[in-house]
Amino acid sequence: MKAVAMLELNADCLAAPTHHFGGLAFGNVASLTSKATLSHPKKAALQGLEKMKLLFDLGLPQLIFPPHPKPCYQALKNLGFEGSKSTIITQAYKKAPELLLMCSSSSAMWMANAATITPSTDSCDQKVHITPANLASNFHRSLEVPLSQKLLRAIFFDEKKFIHHPPLAAASEFFDEGAANHTRLWQKKSSQGLHLFVFGKSQNKKEKKAKKYPARQTKEAQSAISRLHLLDEAEVVFAQQNPHAIDQGVFHNDVVASGHENLYLFHEDAYANTQKVMEELQKKALKLFGKELMLVPIKRDDMPLQDAVRSYFFNSQIVTSNTKRILIAPIECKKIKTAKNCLEGLNCIDKVLFVPLNESMKNGGGPACLRLRIPLTSVEFKSIHQGVVFSMPLYEKLKQIIEKYYPDTLHLDDFLDGSFLQSAETATYEIYQALKLEHLL
Ligand code: SUG
């Protein structure tokens, strides 16, 4: 088959004006540690926007997704809080502040969890397949699903090119956290990719289980997605996360591994049987590409799992710009000796850039968590809703809205302040307008 030139789009979602540290994600050490500390919504949104600009400056196509409107009044109503918006908030604040926090989370900003996407080159029907993740393992994250689905449908609207599947059933057998546990590896001269799906649990009773923290991805969900997306068995590898790693705070695969093109960087303790996974990847890569992958293990002696979790070394975003491989790392990697040394020792990378993302990092989201990769042909790219494509005028406009309406800091008590809620609503509306998506609100 002739190779088709593909563009790798990155879609990032802006943080919401209600961005806070709710300590909502059990098993995500950063989220638990940051609980109830003062958040900085304006900084969070601007840090994310600046990362998008960095990618744009590197010449890469970048999409901007809008924040989800929060607090989610409908979710609070569904939980029995009634009345006007301010009554709903006051009642929730008094009776169940933890629910108010869940219904106000800015968690849609971690776009890597929004969906799993298969490019048209890899699917048997040559269409792009999109399945939004059900994010059913955490209530605050499950609230993202309906709007993420709507946004994906509105942006990739051409039915001849894009197939939108509904999220899988929101049941524990099908817990799905999207692309954070899925990596597509490929070679420049190959038309197909090799898909690595990493799960934390399955219905197989013989598998070892994490003891301390929950596994958030099931194999059953990934098997269903690979069937729905019409992937051939020859292009799919399933791997079980190391349960011990989950118990150390590795709640997604992108906390211990990073893939880009034919490169796969991973921690040697990432999987229940790392060697077997790597052998299967190489075997399938050789058949598909006629060439082996570049597998780069990081040894536990060089970086204990705990440091991988603290530094988010593996959550770096790897991109190719002008034939150079660039690794975009969180600035925290500079401060943690093992991460710093590992970065210095990486021969597979031409350049390392550091980005400040501490507002996202404090909730367990590094550079790679903030983006969803979307491999498209140039014809497919032209067909999408162009209002969300990064440009300098759009960047300026969004920056202006964020600076005008987002609060510098946010405390739980601020939810009782009507003017904060009004500003949050106005900011959200103006962002949707800037992206030409206001009809979705
Ligand atoms: O689902 N944090 C997110 C972080 C997601 C990171 N994504 C990837 N690894 N791809 C989560 O655990 C914390 C919210 C809070 O505590 O307020 C949170 O949801």
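Right above here is the structure, for reference.
Rules of the game
Residues numbered from 1 in each chain as written. Predicted model: local features only at pLDDT ≥ 70, side-chain atom pairs only at ≥ 80, totals over all residues. Heavy atoms only, no water. 1 Å grid on protein atoms, 1.4 Å probe; cavity = no way out; pocket = protein on both sides within 12 Å on 5 of 7 lines; lining within 4 Å. Points joined across faces, edges and corners; volume = space filled by probe spheres on them. Helix = DSSP H or I, 4+ residues; strand = E, 2+ residues; numbered from the N terminus. Nonpolar A, V, L, I, M, F, W, Y, C, P; charged D, E, K, R; others polar. Pairing = 2+ DSSP bridges. Right-handed = clockwise from strand over helix to strand, strands pointing away. Phe/Tyr/Trp six-rings, centres within 6.5 Å; stacked < 30°, edge-to-face > 60°. Buried < 20%, exposed > 50% of the residue type's maximum accessible area, 1.4 Å probe, protein only. Lys NZ or Arg CZ within 6 Å of the ring centre and 35° of its normal. Core = buried A, V, L, I, M, F, W, Y, C linked by side-chain atoms within 4.5 Å. Contact = heavy atoms within 4.5 Å. Axes fitted to C-alpha atoms, helices over the stretch in contact; angles between N-to-C directions. Parallel < 35°, antiparallel > 145°, perpendicular 65-115°, else oblique.

## Let's talk about the layout of surface pockets
Then step 1. The calculated volume of the largest pocket comes to roughly 540 Å³.
Then step 2. What lines the largest pocket is a set of 22 residues, and nearest its centre among them are P69, K70, P71, C72 and L147.
Then step 3. Where the lining of the largest pocket is concerned, the elements lending two or more residues are α3 (73–78), α7 (145–155) and α17 (418–434).
Then step 4. Partitioned by chemical class, the residues of the lining of the largest pocket number 13 nonpolar, five polar and four charged.
Then step 5. Approximately 430 Å³ is the volume found for the second largest pocket.

## Considering the pairing of strand β11 (residues 294–298)
Then step 1. Here strand β10 (residues 263–267) pairs with β11 via five bridges, running parallel. Across the sheet, residue H267 finds its bridge partner in β11, namely I298.
Then step 2. As for the winding sense of the linkage, the β-α-β connection from β10 through helix α10 (residues 274–289) to β11 is right-handed.

## Some details on the packing of aromatic side chains
Then step 1. For the coordinates displayed, the defined rule picks out eight aromatic pairs.
Then step 2. Between the aromatic rings of F415 and F420, the centroid separation amounts to 5.6 Å while the plane-to-plane angle is 85°, which identifies the pairing as edge-to-face. Assigned by exposure class, F415 and F420 land together as buried.
Then step 3. Through successive ring pairs, a cluster of aromatic residues spans F56, F390 and Y395.
Then step 4. For K53, the ring lying beneath its charged end belongs to Y395, and the centroid distance is 5.8 Å.

## Here we look at the nonpolar core
Then step 1. With 88 residues, the main nonpolar core has L63, F156, Y271 and L281 as its most contacted residues.
Then step 2. Among all residues touching Y271, those that are not within four sequence positions of it are L196, V198, A239, Q240, Q241, N242, N253, A257, Y264, F266, V277 and M278.

## Thoughts on the sheet that holds strand β13 (residues 324–330)
Then step 1. The strand order across the open sheet formed by three strands is β12-β13-β14, and the pairing between neighbours is mixed. Pairing within the sheet leaves two strands with one partner each, and these edge strands are β12 (317–321) and β14 (351–355). Strand-to-strand twist of the sheet, defined as the mean angle between neighbouring strand axes without regard to direction, takes the value 30°.
Then step 2. Alignment of β12 against β13, held across five bridges, turns out to be antiparallel. Pairing of Q317 across the sheet is with I328, part of β13.
Then step 3. Lying over the sheet, helix α2 (residues 41–57) contacts β12, β13 and β14, oriented at roughly 30° with respect to β12.

## So, the sheet that holds strand β9 (residues 257–260)
Then step 1. Reading across from one edge, β9-β10-β11 is the order of the three strands in this open sheet, with mixed pairing throughout. Looking at which strands have only one partner, the edges of the open sheet turn out to be β9 and β11. Taking the axes of each pair of neighbouring strands and ignoring which way they run, one obtains an average angle of 10° across the sheet.
Then step 2. Of the strands in this sheet, β10 and β11 are in contact with α10, which crosses β10 at around 175°.

## Description of the packing of α2 against helix α16 (residues 392–405)
Then step 1. Relative orientation of the contacting elements α2 and α16 amounts to 170°, with a least axis distance of 10 Å. The angle between α2 and α16 falls in the class roughly antiparallel. Where α2 approaches α16, its residues K42, A45, L46, L49, E50, K53 and F56 are matched on the opposing element by M392, Y395, L398, K399, I402 and E403.
Then step 2. Counted by class, the contact of α2 with α16 contains eight nonpolar, no polar and five charged residues.

## Some details on unusual backbone geometry
With glycine set apart, most residues show a phi of negative sign, and most peptide bonds adopt trans.
Then step 1. Of note, the amide linkage connecting K70 to P71 takes the cis form, showing an omega dihedral of 0°.
Then step 2. Following the sequence through the fold, P71 ends up in the loop between β2 (62–65) and α3.
Then step 3. Located in the positive-phi region is T323, a residue other than glycine, with phi close to 65°.
Then step 4. By the element assignment, T323 lies in the loop between β12 and β13.
Then step 5. Given a relative accessible area of 71%, T323 falls into the exposed group.
Then step 6. Positive phi outside glycine occurs at K436, with the angle close to 55°.
Then step 7. One can find K436 in the segment after α17.

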